[in-house]
Amino acid sequence: MQQRTHSFTLDTSRLDGVLDQPLFRAVAWEAKAQGVPAFAIGGYVRDLILGRPCKDIDFVVEGDGMAFAQTVAKRLKAEPVHVFKNFGTAMFMFGDVQVEFVGARKESYTRDSRKPEVEPGTIKDDQERRDFTINALAISLNEGSAGALVDPFGGLLDLDRGILRTPLGPDITYSDDPLRMMRAVRFATQLGFIIDPPSFEAIKRNAERLNIISAERIHTELNKIILTKKPSVGFILLRDCGLLERFFPEFLELQGAEEKDGIGHKDNFYHTLQVLDNVCAKSDDLWLRWAAILHDIAKPKTKRFDPAHGWTFHGHEDKGARMVPQIFRRLKLPLDEQMRFVQDLVAMHLRPISLTKEEVTDSAVRRLLFDAGNNIEALMILCRADITSKNEKKKERYLRNYELLIHKLAEVEQKDQVRNFQPPITGQDVMTAFGIEPCKLIGDIKIVIKDAILDGVIQNDRAQAWQLMLDTGRKLGKEPLAGMEAPIPASVAE
Ligand code: ATP
Ligand code: MG
């Protein structure tokens, strides 16, 4: 069941101020001078009436949009104009506002492509080919009607009612360009609108057509959904209208709460969405939000039941981390350090919570800090968001221990500074001290030193680490060279 949650107050008086602005005055002036009807249209008009900020403004002219843009830019001293011949559009910057012009057009589509045949048309033709009535609103900049809303499809009423409706029959609109189905869910999530029920049914019927849309365009809309205040709304819509399975089947597999011998497990689809919404309340970071989406992604693949332990998902964090590149590759998301950040968080997401279940030792905290490095804050946000237990007692205990852990982390971080810890002894040091070539002994000694520091046996200090290196070498049957009893100056090379 869709719920309307939008809370905008429509205010059409905001339209009145438009003609006071230099940009709109210039367009109106040129429209009159050239006898070319011109209109502001689309997202800008929608957002103006809703009172949302908007940094790009689209204009449509009944004529040559590219030539018209040149004259307006010249009048405003806002050149250069960037012309995109293939799209018939022209763009320039006016201050920090991106201004785009296009000639009004009529479109007809073929079945296997979202690239239409285009011919010149009227403003109404142009409005008709837009995705939703609320995105088809235009403001006239023409003499006699300047400042008036041009609304042949009832967009203003839909904006007021909070409804996403297509100007044409929804099957035509969605089939012509299936990306619009993703946009429907995106706007519903962003604006708190509902998708008009006939439109919703049409999306279900046409969901399979998403196959002709590139992964890049799909992930652009998906990321916009993820960046809203409450992305769970969008994911549930994507599932309900059959789009999610087209590009993200792993996420759907999280659905379901199985029961055996009277023991159940939680539905990981809803759990994940809860974690995602929780993260969104704390952070705007897209990739941290992605980590929330993927933190339990391998639970279906690692799920086991045995009567002694009930349901287990052993290793889901590691398997999940290995699934991240596959999913990112398919969605054409970046395969760079942002993906690695998501991977690291998925791999580590159980670490803090496991610490909150037991007595926290300095040593465990140091290890967590060392392993998480600069991701520690993000990891702690994810971990806090992951506490969704319905058992209030359990939840309370976890939260208390979580607070304790946060406190301990700050304390240990300040005392020992192990977050970006560089071992005080390098491999080169070991080779010099013992007069040896690269071999396994070097790695073994380095691990002993690292563990000793993280366990608090020695401090993160070169002299103490040097001594431990000598002792460990001896224990393993290697005598240091003469004159190596005291630390030599730190070597730069590893
Ligand atoms: P936002 O800028 O927040 O993403 P928007 O509605 O302004 O939202 P844009 O992609 O900037 O979206 O597009 C501007 C306008 O172009 C839209 O308001 C709509 O009228 C039209 N439009 C964009 N994409 C499509 C599409 N796939 N099908 C039909 N019309 C579209
Ligand atoms: Mg826009």
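Predicted model only: the values in this text are computed from it and were never measured.

*Asks:* Could you clarify how one ought to interpret the overall build of the protein in this entry?
*Replies:* Of regular secondary structure, the protein possesses 24 helices and 15 strands. Against the 2.2 N^0.38 benchmark of 23 Å for 494 residues, the protein shows a C-alpha radius of gyration of 30 Å, more extended than a compact globule. Each principal axis of the C-alpha atoms in the protein carries an extent, and together these give about 95 × 65 × 40 Å. Taking all 494 residues of the protein together, the buried fraction comes to 50%. Looking at the protein alone, contacts between residues at least 24 apart form 66% of all its contacts between residues at least 6 apart. As presented, the protein carries roughly 24,000 Å² of accessible surface, and 51% of it is formed by carbon and sulfur atoms. Here the protein contributes 68 positively and 72 negatively charged side chains, and the mean placements of these two sets differ by 1 Å.

*Asks:* Where do I start with the domain arrangement of the protein in this structure?
*Replies:* How big an interface is tends to be stated in terms of accessible area lost as the parts join. For the protein, the assigned domains are domain 1 (12-161), domain 2 (171-247), domain 3 (283-416) and domain 4 (427-492). Computed over C-alpha atoms, the centres of domain 1 and domain 4 are 70 Å apart.

*Asks:* What should I look at first to understand the sheet that holds strand β8 (residues 138-140) in this one?
*Replies:* Consider a sheet: its strands pair through backbone hydrogen bonds, and that pairing is either parallel or antiparallel. Strand order in the open sheet made by the seven strands is β3-β4-β5-β2-β1-β8-β9, with mixed pairing throughout. Of all the strands in the sheet, just β3 (82-84) and β9 (149-150) have a single pairing partner and so form its edges. Two elements, β3 and strand β4 (residues 89-94), share three bridges in a ladder whose sense is antiparallel. Counterpart to V83 in the pairing with β4 is A90. Those strands touched by helix α1 (residues 22-34) are β1 (38-41), β2 (56-61), β4 and β5 (97-103), and its axis lies near 10 degrees from that of β2. Where helix α3 (residues 65-76) meets the sheet, it contacts β1, β2, β3, β4 and β5, and its direction lies at approximately 15 degrees from that of β4.

*Asks:* How should I be thinking about the packing of α1 against α3 in this particular structure?
*Replies:* To describe two helices that pack against each other, one gives the angle between their axes and the distance between the axes. Where α1 meets α3, the axes come as close as 10 Å, and the angle between the chain directions of the two elements is 125 degrees. Taken as axis vectors, α1 and α3 run oblique relative to one another. When the axes of α1 and α3 are compared, the crossing they make is right-handed. Between α1 and α3, the contacting residues are P22, L23, A26, V27, W29, E30, A31 and Q34 on the first element and F68, T71, V72, R75 and L76 on the second. Classifying every residue of the contact of α1 with α3 gives nine nonpolar, two polar and two charged.

*Asks:* Sorry, what's going on with the layout of surface pockets here?
*Replies:* Gaps between atoms show up when a probe of the same size as a water molecule is rolled over them. Taken as a whole, the second largest pocket spans an internal volume of roughly 1,000 Å³. In terms of lining residues, the second largest pocket is bounded by 32 residues, among which K266, H271, K299, D386 and K394 are the most central. Those elements that provide at least two residues to the lining of the second largest pocket are α13 (268-282), β15 (310-312), α16 (316-330), α18 (351-356) and α21 (392-416). Residue contributions to the lining of the second largest pocket peak at four residues, all from α13. Tallied by class, the residues present in the lining of the second largest pocket amount to seven nonpolar, 16 polar and nine charged.

*Asks:* Explain the nonpolar core here, please?
*Replies:* The nonpolar side chains of a soluble globular protein tend to be buried with one another. Among the nonpolar cores identified, the biggest contains 142 residues, and L243, F247, F248, W290 and L294 are the most heavily contacted of them. With residues near it in sequence (within four places) discarded, W290 still touches L222, N223, I226, F248, F328, L331, L333 and V342.

*Asks:* Teacher, can you tell me more about the pattern of salt bridges here?
*Replies:* Oppositely charged side chains are able to pair whenever their charged atoms sit close together. Applying the stated criterion across every chain, the model contains 31 salt bridges. Note that R130 is salt-bridged to D126, the shortest N-O span being 2.9 Å. The residues R130 and D126 share a single accessibility class, namely buried. The partner of R366 in a salt bridge is D362, with the nearest N and O atoms 3.9 Å apart. Residue R366 and its partner D362 are located together in helix α19 (residues 362-372), separated by four residues, close to a single helical turn. In the salt-bridge network here, residues are joined through shared partners; they are E107, D126, R129 and R130.

*Asks:* Quick question: what am I supposed to make of the site of ligand 1 here?
*Replies:* If you check the shell around ligand 1, you find 16 residues, and the closest are R46, R130, N135, D177 and R180. Contact between ligand 1 and R130: an oxygen atom at 3.0 Å from a side-chain N or O atom of the residue. A distance of 2.8 Å separates an oxygen atom of ligand 1 from a polar atom in the backbone of N135. When residues of the shell around ligand 1 are traced back to their parent elements, those giving at least two are α2 (43-50), β2 and α7 (179-191). When residues in the shell around ligand 1 are grouped by element, the largest group, four residues, is from α7. Grouping the constituent residues of the shell around ligand 1 by class yields one nonpolar, three polar and 12 charged.

The rules behind each value
Residues numbered from 1 in each chain as written. Chains lettered and ligands numbered in written order. Predicted model: local features only at pLDDT ≥ 70, side-chain atom pairs only at ≥ 80, totals over all residues. Heavy atoms only, no water. Helix = DSSP H or I, 4+ residues; strand = E, 2+ residues; numbered from the N terminus. Rg over C-alpha atoms; globule rule 2.2 N^0.38 Å. Buried < 20%, exposed > 50% of the residue type's maximum accessible area, 1.4 Å probe, protein only. Contact = heavy atoms within 4.5 Å. Areas by Shrake-Rupley, 256 points an atom, 1.4 Å probe, with all protein chains shown as cover. Lys, Arg positive; Asp, Glu negative; His and termini not counted. Charge placed at Lys NZ, Arg CZ, Asp CG, Glu CD. Domains from an automatic or database assignment. Pairing = 2+ DSSP bridges. Axes fitted to C-alpha atoms, helices over the stretch in contact; angles between N-to-C directions. Parallel < 35°, antiparallel > 145°, perpendicular 65-115°, else oblique. Left-handed = near helix turned anticlockwise from the far one by under 90°. Nonpolar A, V, L, I, M, F, W, Y, C, P; charged D, E, K, R; others polar. 1 Å grid on protein atoms, 1.4 Å probe; cavity = no way out; pocket = protein on both sides within 12 Å on 5 of 7 lines; lining within 4 Å. Points joined across faces, edges and corners; volume = space filled by probe spheres on them. Core = buried A, V, L, I, M, F, W, Y, C linked by side-chain atoms within 4.5 Å. Salt bridge = Lys/Arg side-chain N within 4 Å of Asp/Glu carboxyl O. Near = heavy atom within 4 Å. Polar contact = N/O pair within 3.5 Å; in protein donor to acceptor, adjacent residues only side chain to side chain.

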